Amino acid sequence: MPTGGRPIGGAFLLFRVLRGRPARLGIFVLRRVLWMVPVVFFVILITFVLAHLAPGSPWDRGAGRQLSAAVIHNRNVTYGLDKPYWQQFLVYIWNVAHLNFGLSFQFQDQSVSGLLLAGWPYTLTLGLTAFCLIVPVGILLGVVAALRQNSKVDYIATAFATLGATIPNFVIAILLIIVLGVGARNATGGNLWLPFSGIGLDSRLILPVIAISALPIAYVARLTRASTLEILRQEYVRTAWAKGLPERLVIGRHVLLNALIPVITALGPIFAFLLTGSVIIETVFSIPGIGSTFVTAVNARDYPMILATTILFSFVIAAVNLVVDILYVVIDPRVRLS
């Protein structure tokens, strides 16, 4: 628009554009992405120090099977473990900056990146399937319990959520294996049972998905119930009921949309946890995902694998939290970009 008879110059127009909410959102995202760099750096530093302070070495083979001193020295020279710790750390940071995560100590001549890529599909399949179960079941239980407060439905949903939140997932996994795996196979003569080893797009997904989903479903259900009850007590919801609006419209537009704001915030860490793999669940069900690979790497003192897996975990968590913050801003325009 003209000002004082003259059109606004390019600098003034750019300034006005940058003051808009989309531009502020872009700056907010850029700032958060830049913050990931020091976060990942300190994660690498802490993991590097803890891994090297742990007792033992990558070349330990157990009692009676120790390698000779000459072989250990040659391997240390080959992998650069003979250098001072500070020099090893700087070399590793330089390699990571070039997306080179090195070779695995445990699996000779195999790159860490290749091993992680091999285990990623299993973890991704398990995580996405569990997330697709957690979101609708958890939200549905929470909403139904809130709408039928102090009824039998509310008590049953609350009891389920309490049990899911208090029983560890490895206990649930073991119980599922005993009852629906071994017990069902013995009771039916092998005709009706659920497999409990490996993973695939078949019945082998059922038990690990249930085991890994129990706690998140309980958490989402309890959070949804509390948030829905709070929204139901708001004045604008009472006004909507007083106007005679249909229940479907009031619940869907006025209650559920606002009640899900804190739930979406909680779904971010849950999704990151599922994508990075559950160490216990993957180990119990013998799933060759990233979680079980991390356990194997820790036991074998496989420093490159430990560091690369930790970097992947931290990056996924930071990225998912960023996406959640963006969704939070999009859903609730009242949120300030700071």
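Conventions we followed
- Residues numbered from 1 in each chain as written.
- Predicted model: local features only at pLDDT ≥ 70, side-chain atom pairs only at ≥ 80, totals over all residues.
- Heavy atoms only, no water.
- Helix = DSSP H or I, 4+ residues; strand = E, 2+ residues; numbered from the N terminus.
- Phe/Tyr/Trp six-rings, centres within 6.5 Å; stacked < 30°, edge-to-face > 60°.
- Buried < 20%, exposed > 50% of the residue type's maximum accessible area, 1.4 Å probe, protein only.
- Contact = heavy atoms within 4.5 Å.
- Core = buried A, V, L, I, M, F, W, Y, C linked by side-chain atoms within 4.5 Å.
- pLDDT = per-residue confidence, 0-100.
- Axes fitted to C-alpha atoms, helices over the stretch in contact; angles between N-to-C directions.
- Parallel < 35°, antiparallel > 145°, perpendicular 65-115°, else oblique.
- Left-handed = near helix turned anticlockwise from the far one by under 90°.
- Nonpolar A, V, L, I, M, F, W, Y, C, P; charged D, E, K, R; others polar.

## Here we look at unusual backbone geometry
Unusually for a residue other than glycine, N150 sits at a positive phi of about 65°. Along the chain, the position of N150 falls in the loop between helix 5 (112–147) and helix 6 (152–166).

## What about the packing of aromatic side chains?
As enumerated under the stated definition, the model contains seven aromatic pairs in all. When the ring of F41 is compared with that of F89, the centres are 5.9 Å apart and the planes differ by 70°; the resulting orientation is edge-to-face. You can see F41 sitting in helix 2 (residues 21–53) and its partner F89 sitting in helix 4 (residues 85–97), a full 48 residues away along the chain. Taking relative accessible area as the criterion, F89 reaches 10% and is therefore assigned buried. An angle of 65° between the planes, with centres 5.4 Å apart, marks the rings of F48 and F89 as edge-to-face. Placement of the pair is F48 in helix 2 and F89 in helix 4, with a sequence separation of 41 residues. The same class applies to F48 as to F89, namely buried. Every member of this aromatic cluster is reached through a ring pair, and the members are F41, F42, F48 and F89.

## A short note on the side chain of D154
Structurally, D154 can be placed in helix 6. Once you skip the residues sitting within four places of it in the chain, D154 turns out to touch A145, R148, Q149 and R225.

## Some remarks on the nonpolar core
Ranked by internal contacts, the top residues of the largest apolar core, which has 26 residues, are I134, A211, V220, L274, I281 and F285. Counting only elements with at least two residues in this core, the list comes to helix 5, helix 7 (169–187), helix 8 (206–232) and helix 10 (247–275). With seven residues, helix 8 is the single largest residue contributor to this core. Here A211 is in contact with N169, I172, A173, L176, I281 and F285, once residues within four sequence places are set aside. In this structure, L115, I290, F294 and I306 belong to the second largest nonpolar core, which totals 19 residues.

## Things to note about the confidence of the model for the chain
Per-residue pLDDT for the chain averages 79, and the proportion of residues at 70 or more is 86%. Taken as a whole, residues 11–15 scores under 50 in pLDDT and shows one contact with residues more than four places along the chain or in a different chain.

## Topic: the packing of helix 6 against helix 8
Their axes nearest at 7 Å, the elements helix 6 and helix 8 cross at an angle of 135°. Considered as vectors, helix 6 and helix 8 are oriented oblique to each other. Seen along the crossing, helix 6 lies across helix 8 with a hand that is left-handed. Note on element contacts: helix 8 touches helix 6 through A214, L215, I217, A218, A221, R222 and R225, opposite D154, T158, F160, A161, G164 and A165. When grouped by side-chain class, the residues that make up the contact of helix 6 with helix 8 number eight nonpolar, two polar and three charged.

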